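# Structural overview
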Amino acid sequence: MADKLIIFDTTLRDGEQSPGASMTKDEKIRIAKQLERLRVDVIEAGFAAASPGDFESIKAIAGVIKDSTVCSLSRANDRDIARAAEALESAQRKRIHTFIATSPLHMEKKLRMTPDQVFEQAKLAVRFARQFTDDVEFSPEDGSRSDMDFLCRVIEAVISEGARTINFADTVGYGVPEMYGNMIKTLRERIPNSDKAVWSVHCHNDLGMAVANSLAGVMIGGARQVECTINGLGERAGNTALEEIVMAVRTRKDYFDLELGIDTSQIVPASKLVSQITGFAVQPNKAVVGANAFAHASGIHQDGVLKARDTYEIMRAEDVGWTANKIVLGKLSGRNAFKQRLEELGIELESEAEVNAAFARFKELADRKAEIFDEDIIAVVSDEQHSHENEFYRFVSLSQQSETGERPRAKVVFSIDGKEHACQGEGNGPVDATVNAIESQTQSGSELILFSVNAITNGTQSQGEVTMRLSKAGRIVNGVGADPDIVVASAKAYLSALNKLHSKLERLNPQL
Ligand code: KIV
Ligand code: ZN
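The rules behind each value
Residues numbered from 1 in each chain as written. Chains lettered and ligands numbered in written order. Predicted model: local features only at pLDDT ≥ 70, side-chain atom pairs only at ≥ 80, totals over all residues. Heavy atoms only, no water. Domains from an automatic or database assignment. Contact = heavy atoms within 4.5 Å. Buried area = accessible area lost by both parts, 1.4 Å probe. Salt bridge = Lys/Arg side-chain N within 4 Å of Asp/Glu carboxyl O. Polar contact = N/O pair within 3.5 Å; in protein donor to acceptor, adjacent residues only side chain to side chain. Helix = DSSP H or I, 4+ residues; strand = E, 2+ residues; numbered from the N terminus. Phe/Tyr/Trp six-rings, centres within 6.5 Å; stacked < 30°, edge-to-face > 60°. Buried < 20%, exposed > 50% of the residue type's maximum accessible area, 1.4 Å probe, protein only. Near = heavy atom within 4 Å. Areas by Shrake-Rupley, 256 points an atom, 1.4 Å probe, with all protein chains shown as cover. Nonpolar A, V, L, I, M, F, W, Y, C, P; charged D, E, K, R; others polar. Core = buried A, V, L, I, M, F, W, Y, C linked by side-chain atoms within 4.5 Å. Donors = N, O, S within 2.8 Å, 3.2 Å for Na, K, Ca; no water. Pairing = 2+ DSSP bridges. Axes fitted to C-alpha atoms, helices over the stretch in contact; angles between N-to-C directions. UniProt positions renumbered as here; feature names shortened; annotations may be inferred.

Considered domain by domain, the protein is made up of domain 1 (3–278), domain 2 (293–321), domain 3 (327–386) and domain 4 (389–503). A C-alpha centroid distance of 34 Å is found between domain 1 and domain 2. Across the contact, 8 residues belong to domain 1 and 6 residues belong to domain 2. Summed over both partners, the interface of domain 1 with domain 2 buries about 530 Å², with 63% contributed by carbon and sulfur atoms. When the buried area of domain 1 at its contact with domain 2 is split by residue, Met-247, Thr-251 and Val-268 rank highest and sum to 59% of it. For the pair domain 1 and domain 2, the interface holds 1 salt bridge. The tally of links from domain 1 across to domain 2 stands at 4 residue pairs in polar contact (both at pLDDT 80 or more). Breaking the side of domain 1 that touches domain 2 down by element, the ones donating at least two residues are α9 (242–251) and α11 (267–278).

Spelled out as structure tokens, the structure:
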């Protein structure tokens, strides 16, 4: 029988380390529930010792997730490990993931420790973690730039102490596939007790090779766990993309010959949820989850696909959860139809009041947009959930004038802590004028470091989804807004980012 490939998702931990991707506890719970629907084997829910907020999120996730193992990261010290164990107390299945850097550079410059001290600390950490659970994972951080003899010594010792998973980290995305795969193979051959642990890959995408390196770790090195994130989210160039690993292994079963527990039809819903919550838009040509991943533009391809689908398609869009852009609801649809569609989309709202609020937003949209697609419903609910958390600033209305040769002007009405203000601004374009109008009142002093617009569905009547990333005093936040009018969507995104900057709700972004 084929081996199982364990899918370890770290969207909520490593993914969250992307600039502005920090999430609230509620957002993390929503993503964790979607990861469970996707049937990932392990959910790394956070880094318990990083902050009280991260601790609480892990604790909450441990309390609601039933099918996946819930894991917390911890540095290799007793305090971190005890904190991880405490956060995971109520989990049905729990894992403690402890790590310490093993490369000469990290040990000397970052940890200021000798190799012998690192060796001792790694051993003691695993021994201590085993007091709380049998499921202990150990990572040599910056493993791919570490000395092989030293790695053999450390890994043999931590396996003897009871580490059941060894995660070989390519922390800075330095590896190349053959070399990375061979390093794991050599370690497994040289370490006498290597068969007592599952070997895992953890790759970063700095050179665009995270997925290739991970798959080489599996095929050459014999790793049987892949650590990855939805949409490849993660610090710098990101982590290994879950959807690419899963679909590569599934589509090329003839080559990989591995079993997966994943429900692939939940991939696209997971991708959309993560993108909407974090404000990280998915590039259109992104494999599997990009809007163009299954679009055939050239006549030859279209003709081929019509005659026989597999001439140009190696996967089916519906297998990864793309729903054909079909009109699902309209202006006359009632609350029950709306609620039923939410259920079909796997969207859980906490209370009837939340359903009512989302339904009211849906009605507003349906008045302005004749055809409502699933993507619109997801955006409506996401908008409603964002606003729930904290609406110190609330969008009310907008008018703007732009004419060729004239400087665009905008008037924005929005409330600040319940009190309405009308502000005017001018700018290079209507969005610039809108942001200037808002700033004339809020004077936030923040810097706009990213502005992106995406069409949610096809056609010019699509809603535009705007992300605005703001930076202020070292904090980075992403605001998201959706509306058929992209200037309105921009105003909403800007106010949503200002709300996050203003919010007292803890946004968690542990940096190691
Ligand atoms: O990239 C890395 O080294 C990590 C470890 C904590 C596993 O994320
Ligand atoms: Zn990492």
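Here we come to the side chain of Ser-333. Structurally, Ser-333 can be placed in the loop between α12 (299–307) and α13 (335–344). When sequence neighbours within four positions are dropped, the list of residues in contact with Ser-333 reads Phe-359, Phe-362 and Lys-363.

Right, let's talk about the packing of aromatic side chains for a bit. Each aromatic ring pair is described using two quantities: the centre-to-centre distance and the angle formed by the ring planes. Using the criterion set out here, one finds 7 aromatic pairs in the structure. Pairing Phe-392 with Tyr-393 gives two aromatic rings, centres 5.0 Å apart and planes at 85 degrees, and the pair type is edge-to-face. Pair check on accessibility: Phe-392 and Tyr-393 agree, each one buried. Counting every residue linked through ring pairs, the aromatic cluster contains Phe-338, Phe-359 and Phe-362.

Quick look at the site of ligand 1 now. In the region of ligand 1, the neighbouring residues are Arg-13, Asp-14, Leu-73, His-97, Phe-99, Ser-139, Glu-141, Asn-167, Ala-169, Thr-171, His-202 and His-204. The separation between an oxygen atom of ligand 1 and a polar side-chain atom of Asp-14 is 3.1 Å. Here an oxygen atom of ligand 1 sits 2.6 Å away from a polar atom, N or O, in the side chain of Thr-171. If ligand 1 stood free it would expose 260 Å²; the protein chains cover 97% of that surface. Of all the secondary structure elements, the ones that give two or more residues to the shell around ligand 1 are β5 (94–101), β6 (136–141) and β7 (165–170). In terms of residue class, the shell around ligand 1 is built from 3 nonpolar, 6 polar and 3 charged.

Formed by 92 residues in total, the largest nonpolar core has its most connected members in Ile-7, Leu-38, Phe-138, Ile-166, Leu-187 and Trp-199. For this core, the element with the highest residue contribution is helix α6 (residues 148–160), accounting for 9 residues. If you count residues domain by domain, this core takes at least three from each of domain 1 (3–278) and domain 2 (293–321). Ignoring anything within four residues of it in the chain, the contact list for Trp-199 reads Ile-155, Ile-166, Ile-184, Leu-187, Arg-188, Ile-191, Ser-194, Ala-223, Arg-224 and Gln-225. Counting residues in hydrophobic clusters, the runner-up holds 25 residues, among them Met-468, Val-477, Tyr-494 and Ala-497.

Here the focus is the coordination of the zinc ion (ligand 2). Note on metal sites: the ideal angle is 109.5 degrees for four tetrahedral donors, and 90 or 180 degrees for six octahedral donors. In the first shell of the zinc ion (ligand 2), the protein supplies Asp-14 (OD), His-202 (NE2) and His-204 (NE2), at 2.0 to 2.2 Å from the metal. Donor residues for the zinc ion (ligand 2), ordered by position in the chain, follow D-x187-H-x1-H. Within this pair, whereas Asp-14 is found in the loop between β2 (6–9) and α1 (25–37), its partner His-204 is found in the loop between β8 (198–203) and α8 (210–219), the two being separated by 190 residues in sequence. Residue classification places His-204 among the buried positions, given a relative accessible area of 4%.

Picture the strands of a sheet paired through backbone hydrogen bonds; they go either parallel or antiparallel. Spatially, 8 strands are ordered β2-β3-β4-β5-β6-β7-β8-β9 in a closed barrel, and the strand pairing comes out parallel. Sheet twist, expressed as the average angle between the axes of neighbouring strands with direction ignored, equals 25 degrees. Along the sheet, helix α4 (residues 104–111) makes contact with β5 and β6, crossing β5 at roughly 85 degrees. Those strands touched by helix α5 (residues 115–129) are β5 and β6, and its axis lies near 175 degrees from that of β5.

Next up on the list: the pattern of salt bridges. In total, this model carries 42 salt bridges according to the counting rule given. Between Asp-374 and Arg-341 there is a salt bridge whose closest N-O contact spans 2.8 Å. Here Asp-374, found in helix α15 (residues 374–389), pairs with Arg-341, found in helix α13; they are 33 residues apart in sequence, far enough to count as distant. Take Asp-374 and Arg-341: they sit in the same class, and that class is buried. Connected through shared salt-bridge partners, Arg-13, Asp-14 and Glu-44 make up one network.

Right, let's get into the UniProt feature "domain: Pyruvate carboxyltransferase" (unreviewed entry) in the protein. Within the UniProt annotation, "domain: Pyruvate carboxyltransferase" (unreviewed entry) is assigned to residues 5–268. Each end of residues 5–268 is marked by a C-alpha atom, and these two atoms are 20 Å apart; helix forms 42% of the span and strand 19%.

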